Protein chains: 4
Amino acid sequence: MFDLGNFLTLSTFGESHGVAYGGIINNFPAGLQVDLNKVQHQLDRRKPGQSSIVTQRKESDTVKFLSGIFEGKTTGTPIGFTIENENQKSKDYDHISGAYRPSHADFTYDQKFGNRDHRGGGKSSARETVNWVVAGSLAKQLLPKEVEIQAYVSSVGEIFCEKPYQDLDFSQVDSTDVRCPDAETAEKMISKIKEIKKEGNTIGGTITCVIRNLPVGIGEPVFGKLQAELAKAMLNINACKGFEYGSGFCGAKMTGKDHNDLFNEDFSTKTNLSGGIQGGISNGMDVYFRVAFKPVATILRPQESVDKDGNTITVEGKGRHDPCVLPRAVPIVENLAAFVLADLFLINKIRRI
Amino acid sequence: MFDLGNFLTLSTFGESHGVAYGGIINNFPAGLQVDLNKVQHQLDRRKPGQSSIVTQRKESDTVKFLSGIFEGKTTGTPIGFTIENENQKSKDYDHISGAYRPSHADFTYDQKFGNRDHRGGGKSSARETVNWVVAGSLAKQLLPKEVEIQAYVSSVGEIFCEKPYQDLDFSQVDSTDVRCPDAETAEKMISKIKEIKKEGNTIGGTITCVIRNLPVGIGEPVFGKLQAELAKAMLNINACKGFEYGSGFCGAKMTGKDHNDLFNEDFSTKTNLSGGIQGGISNGMDVYFRVAFKPVATILRPQESVDKDGNTITVEGKGRHDPCVLPRAVPIVENLAAFVLADLFLINKIRRI
Amino acid sequence: MFDLGNFLTLSTFGESHGVAYGGIINNFPAGLQVDLNKVQHQLDRRKPGQSSIVTQRKESDTVKFLSGIFEGKTTGTPIGFTIENENQKSKDYDHISGAYRPSHADFTYDQKFGNRDHRGGGKSSARETVNWVVAGSLAKQLLPKEVEIQAYVSSVGEIFCEKPYQDLDFSQVDSTDVRCPDAETAEKMISKIKEIKKEGNTIGGTITCVIRNLPVGIGEPVFGKLQAELAKAMLNINACKGFEYGSGFCGAKMTGKDHNDLFNEDFSTKTNLSGGIQGGISNGMDVYFRVAFKPVATILRPQESVDKDGNTITVEGKGRHDPCVLPRAVPIVENLAAFVLADLFLINKIRRI
Amino acid sequence: MFDLGNFLTLSTFGESHGVAYGGIINNFPAGLQVDLNKVQHQLDRRKPGQSSIVTQRKESDTVKFLSGIFEGKTTGTPIGFTIENENQKSKDYDHISGAYRPSHADFTYDQKFGNRDHRGGGKSSARETVNWVVAGSLAKQLLPKEVEIQAYVSSVGEIFCEKPYQDLDFSQVDSTDVRCPDAETAEKMISKIKEIKKEGNTIGGTITCVIRNLPVGIGEPVFGKLQAELAKAMLNINACKGFEYGSGFCGAKMTGKDHNDLFNEDFSTKTNLSGGIQGGISNGMDVYFRVAFKPVATILRPQESVDKDGNTITVEGKGRHDPCVLPRAVPIVENLAAFVLADLFLINKIRRI
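As for the interface of chain B and chain A
The partner chain A presents 109 residues to the 108 residues of chain B that form the contact. Together, the buried faces of chain B and chain A total about 8600 Å²; carbon and sulfur atoms form 64% of this surface. Among the residues chain B hides against chain A, the three largest losses belong to Phe2, Lys112 and Phe223 of chain B. Together they make up 11% of the total. One can count two salt bridges joining chain B with chain A. For Lys112 of chain A, the salt bridge identified is with Glu220 of chain B, shortest N-O distance 3.0 Å. On the surface where chain B and chain A come into contact, there are 43 residue pairs in polar contact (both at pLDDT 80 or more). Counting residues per element, the side of chain B that touches chain A draws most heavily on helix 2 (residues 106–113) of chain B, which supplies seven residues. Considered class by class, the residues forming the side of chain B that touches chain A number 43 nonpolar, 38 polar and 27 charged. As defined by bridge partners, strand 11 (residues 240–245) of chain A adjoins strand 11 (residues 240–245) of chain B across three bridges and the pair is classed as antiparallel. Each residue of the ladder has a partner; that of Glu244 of chain A, found in strand 11 of chain B, is Gly242 of chain B.

Here's what the structure looks like:
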């Protein structure tokens, strides 16, 4: 219960200032020659300190596999892994042990559980996503080689990448610090983030993710629709506020005549407002979706708040925080999507005789 | 696997032109005096033929409970129920048995499963939601009496209900055919739908749902975040294209300074851009979210398409279809939300000593 | 949660004196031409009134499929079914509505749930197994044709079928009323049951089940061992008190030198004390296990007991009850085993690349 | 899927010659002051090298908790833990990398997965049970203080502890190396094991487990019967061949008149052949069950076998192995039972309004 995935599952643990993060991947098929460098590469894309526009925390984020892989191949048994916490500055949080930071989970955790690890958010820290990147980057290797999953930052604040994804050169995503493949827009986004950072403020944005060459048939008809599984995964990302796929909220303004995707004779469709999914099942066209992220709640400016006794206090973020999570969230979105797809891909293999 | 819910679960069956729909609710607590009239009332809100702007199909949609309720009280054992199909005009679909209708699931089902019940969409029909309304309206009765779950149509095409939900009189939702509580906007929406219907066309829109008086603590920290469970449920609704909660996609344009919800001394917050959820857990403020619906794919106009052999054909919707699903989707959204909440509410009872 | 099966699942409902029993089978693969006569045949083997040594209750036990099968083939979508209750003599139970019958679940249900359907055991009735026979006999059709699952009554009271199963002619199981293929033993068992019945008493026994030609590789290494899944299923049968497989409790008396099954060069083993399972996974040899059934608790004789207020009362079974459940339990054991195997068989298809 | 438990779950990983064992406990309630010394104490009861009649392998079996516990209390978030492998003598297994040892899982793992970690059984090693002891001993602390779970060795080979459990002094279980509380029987068992060990042979036996003071109401009516959950857990222990509870296989020889447990006026029963469970639900009487263990397959004598190519070879166990697993299996049985009970105990808290 409360794992990621249905057949291929990920169970995780870890708090930001505990000993380690880690997880167990269950039901990963045996016999796959896995490239662990790809896993570490994805972790490196997510890790702090990559550029001047993300947090300067130092974490090597090195994954250690403890089981399930033997002589480079998966054995079909549970894959256990850990990522140790290294650069904890728990003292940065001493001043807030009794404080409820605005738009953080301090209050809700205290109310729900009665106690919590208050150092740096504890379980509510987005550092949890390090586990998902490990699992997703392994799961990616289960998918047919031709499946491409590419996300990019499509907006920061009011700055939007206006070009349709078809006009972007995805090979350029990682060549800008902000992970927007359109150089001009990227520059504007980076300037904006630097400006925001200087103010001790933070800013939100959106990530668009495109999945190409996905086989037809992925997704389940009722409570396991492909879009529902993707939405659930994305909405579990800490700062995520919304999900739309295909025409999304824009599609809600349209009429059926304009929205319907007419077929070509090879069963591809002339348009793709459906976002590659019909009836919860992939149809072979690109699956694409967009995820909204709120601005990081920790700002390096004084804010009025309350402590656990209801006294008015002033809190001010210390330590090293992201002015904008979007660049580091790109690999999270991609690898989370990969896990969802691999799970449904495996299941689909046994859905007909 | 692929049930709705985690502890309190709903498993369902049924095809639009099969014998019956139905489901099993597992782990419903014993001892609840259930009001079955409320269940039927919710079904009546969803059923066809309520007004001139929805499909004129005739279905009594009468639920029959087969187990789990004795002398008006739940017994703690599985609640089985069926809703018989009555007004099937399977012949309306004879002409399309080999056709792939645009933006329907005909093609994907055929590809995934190799065969399908082609009468009226079979399993892909939104008639499945009748099961969810039954389960959700029972689940609603598990929640504390003060919890209010109210959805309404917040847009049809380009017509938006511009007022914030706080300014609306929710008692008026059902008093207009379109289920928008703002009379003036409702009128515009209704006119639009009638116009669209006349053209044999269909139109999309959005539904906003507001949950009031939800206790603090509902939702789980990692893969069972309240927003993720709601998103998953909503994205399983047939025509749903997107989900956002709290500030949603707008929040992605904001900065942390403006987005953070400052606390009052009673732990309520001065603003509620968080949408009543922090760290995946309810904080006692209103939970609100918005769901996007695409226009119905079946239009009563000729469209070019292909058949299963890839031959070009013309398809034209016959039968009785909704020009706009939004009014009938309001009870679906509400009752689905109720089920999600009841599941997490029960689980929350055993999350601390 | 609390379904039968892991990927292929059965969720069920029904009380002995409610409207109907039924269930939903999820994730049954599409495209299987199913023989529904075989399902009904298995139900007929289980149903009351087959012979003079079982209960004389009249139930047609006709299964009605409501979804998931179209033109004789499975569609890959949930298979819903019901079996209506017909011959309820609820009045037979009026006298016991406040009584706690010895070794029945009246007391525990009341304590756990606070209320219960007291007519004939309600949910605790073994009539629930009718659902399992439906699901199991469909699941059986998913297994390779050569897989044979045969159970038989191996003891009634102190009367044991002493021959090893290899010496029995399984084609004779159904030719005796007691479902023991050894004619001589069967006769003794039948006499014993008749004698017991005359006394208004009941008697226990054991069922042995043999699975032949099961492919190698069925079962999962840790918490899904084949023997554990079988044990769990069997122990859920109402009167079941024990399960052993292979050498079972006798094996616990042996030494490793004598117990180890040495290999032949074709990887078959010279002996089969392992019962066809090593490390939780089938090895291609016969899987065999034995299930213990206690005597039916309802006896047609006065017994001292208490009512719900703790007053001493006398209860006496009325109505039509089985003096010995074993003959009717044979198809239950077989079909339950079939379901367990089909679930693990499907899963095994995706456990290696 | 394939976790231990339903709501409170344990997911595990580890191979005998990998880096570490470990697991994640999900949904453990927050706020419990846990005594980690009790956990280590249970591990010490299970660990090798305790006495001359068990394996002399040296493993400190020290558990390291990585998350979910803060300042001595559970936080309600996942509890991650590892136990490092220390005393691996992988070279002891070099000679058998291509061999299929009789009654081991070498052949079935190779067939199922295509490859395996062949060092010391890999995943099929009973060292996996170290994880269960950690989880079970934490879970035990969730149960009401008065619940006692005590197992003991009730037979070794043909030597049985003939006294009913009621006549035994459970405080003496750990005072003998073999963990049989009856001194005289214990001595015979120890002699037998020593004799067997000298021969390089191994021997089986049974463990009886008694659960006292369990509250009424634990267990679920259909697929989660208390006995079924216990049976499933026990049959997942590597060498387990059978499970019976209450009257067990003996009960199958009895008649209803003799087997029924008559009530006292306080709802206790005069006899307890039911083993404390009626209808799958605990009734407040002692729950007791018996588990059969086969003799360890690794014997220190030459045995004929085959290699993976089907060539006849001779294998001979090297290294340090248990002549009899029973003494070390006592804490495994107890802690596994504790986990099963804690899971159902939590669930029972939300089964009625």
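Overview of the environment of Asn283 of chain B
You can see Asn283 of chain B is positioned in the loop between strand 13 (281–282) and strand 14 (287–293). Judged by relative accessible area, Asn283 of chain B falls into the buried class, the value being 4%. Taking the C-alpha atoms as reference, Asn283 of chain B lies 7.5 Å from Pro215 of chain B; in sequence the two are 68 residues apart. Leaving out residues up to four positions away in the same chain, Asn283 of chain B has contacts with Phe107 and Thr108 of chain A together with Val216, Thr269, Gly276, Ile277 and Gln278 of chain B. From its side chain, Asn283 of chain B meets the backbone nitrogen of Met285 of chain B in a polar contact 3.0 Å long.

Observations concerning the relation of the copies chain B and chain A
In the superposition of chain B on chain A (RMSD 0.0 Å, axial shift 0.0 Å), the rotation amounts to 180°. Taken together, the turn and the small shift mark the pair as related by a two-fold rotation axis. Taken together, the interface assignments show that 100% of the residues at the interface of chain B recur at the interface of chain A, consistent with an identical surface on both copies.

Structural notes on the pairing of strand 2 (residues 20–26) of chain A
Residues and elements named next belong to chain A. Among the seven residues of strand 2, seven are classified as buried, and the element is accordingly described as predominantly covered. Relative to strand 2, strand 1 (residues 9–13) runs antiparallel, the two being bridged by five bridges. By the bridge assignment for strand 2, Thr12 is matched with Gly23. Linking strand 1 to strand 2, which pair antiparallel, is a turn of six residues; within it Gly14 sits at a positive phi near 130°. Pairing analysis gives six bridges linking strand 2 to strand 6 (residues 79–84), with the strands arranged antiparallel. For Gly22, the partnering residue across the bridge sits in strand 6 and is Thr82.

A look at the sheet that holds strand 10 (residues 205–212) of chain D
In a beta sheet, neighbouring strands are held together by backbone hydrogen bonds and run either parallel or antiparallel to one another. In space, the ten strands of this open sheet follow the order 9(C)-8(C)-10(C)-14(C)-11(C)-11(D)-14(D)-10(D)-8(D)-9(D), with antiparallel pairing throughout. What marks the edges here is a single partner per strand, and that holds for strand 9 (159–160) of chain C together with strand 9 (159–160) of chain D. Bridging between strand 10 (residues 205–212) of chain C and strand 14 (residues 287–293) of chain C involves seven bridges; their strand directions are antiparallel. Bridge pairing links Ile211 of chain C to Val287 of chain C in strand 14 of chain C. The sheet contacts of helix 8 (residues 326–348) of chain C involve strand 8 (148–156), strand 10 and strand 14 of chain C, and relative to strand 8 of chain C the element is tilted by about 145°.

Section: the nonpolar core
A general trend in soluble globular proteins is that nonpolar side chains are found buried together. Of all hydrophobic cores here, the largest spans 378 residues; its most connected members are Phe289 of chain A, Phe289 of chain B, Phe289 of chain C together with Phe289 of chain D. The contact partners of Phe289 of chain A, leaving out residues within four places of it in the chain, are Ile207, Thr208, Cys209, Ile211, Leu230, Met234, Phe243, Glu244, Tyr245, Val333 and Ala337 of chain A.

Let's talk about the side chain of Thr55 of chain D
All names here are of chain D. By secondary structure assignment, the location of Thr55 is in the loop between helix 1 (36–46) and strand 3 (63–65). By relative accessible area, Thr55 is classed as buried at 1%. If we skip the residues at most four places from it in the chain, Thr55 touches Pro48, Gly49, Arg320, His321, Asp322 and Arg328.

Digging into the packing of helix 5 (residues 226–235) of chain A against helix 8 (residues 326–348) of chain A
Residue and element names in this part refer to chain A. The interhelical angle for the contact between helix 5 and helix 8, taken along N-to-C directions, is 140°, at an axis separation of 10 Å. The orientation of helix 5 with respect to helix 8, classified from their angle, is oblique. The two elements helix 5 and helix 8 cross, and the hand of that crossing is right-handed. Listed contacts from helix 8 to Leu226, Glu229, Leu230, Ala233 and Met234 of helix 5 are Val333, Leu336, Ala337, Val340, Leu341 and Leu344. Residue composition of the contact of helix 5 with helix 8, grouped by class: ten nonpolar, no polar and one charged.

Rules behind the numbers
- Sequence positions are assigned chain by chain, starting from 1 and proceeding in written order.
- To read the labels, note that chains go from A and ligands from 1, taken in the order they are written.
- pLDDT decides what is reported in this predicted model: residues at 70 or higher carry local features, side-chain atom pairs at 80 or more are listed and counted, and totals for whole chains, interfaces and linings draw on all residues regardless.
- Hydrogens and waters are ignored; side-chain quantities use all the structure's heavy atoms.
- The criterion used for residue contact is that any of the two residues' heavy atoms lie within 4.5 Å.
- When two parts are brought into contact, each loses some accessible area as probed by a 1.4 Å sphere; the total of that loss over both is the buried area.
- Salt-bridge detection follows one rule: a side-chain nitrogen of Lys or Arg within 4 Å of a carboxyl oxygen of Asp or Glu.
- In protein, a polar contact requires one atom able to donate a hydrogen and another able to accept it; more generally it is a pair of N or O atoms within 3.5 Å, and residues adjacent in sequence count only if both atoms are side-chain atoms.
- Under the scheme used here, helices are H or I runs from DSSP no shorter than 4 residues and strands are E runs no shorter than 2 residues, and both carry numbers assigned from the N terminus.
- Three classes are used: nonpolar for Ala, Val, Leu, Ile, Met, Phe, Trp, Tyr, Cys and Pro, charged for Asp, Glu, Lys and Arg, and polar for all others, with Gly counted as polar.
- For two strands to be treated as a pair, DSSP must find no fewer than two bridges joining them.
- Buried means the residue's accessible area, taken with a 1.4 Å probe over protein chains only, is under 20% of the maximum for its type, while exposed means over 50%, and partly exposed covers the values in between.
- Copy-to-copy alignment: least squares on C-alpha atoms, limited to residues at pLDDT 70 or above in both.
- Axes here refer to lines fitted to C-alpha atoms; in helices the fit is confined to the stretch in contact. Angles between the N-to-C directions go from 0 to 180 degrees.
- Buried residues of nine kinds, namely Ala, Val, Leu, Ile, Met, Phe, Trp, Tyr and Cys, make up a nonpolar core once their side-chain atoms join them within 4.5 Å.
- Angular relationships are summarised with four words: roughly parallel below 35 degrees, roughly antiparallel beyond 145, roughly perpendicular across 65 to 115, and oblique for the angles in between.
- A clockwise turn of the near helix away from the far one marks a right-handed crossing, whereas an anticlockwise turn of less than a right angle marks a left-handed crossing.

By themselves, these observations are geometric and do not establish any function.
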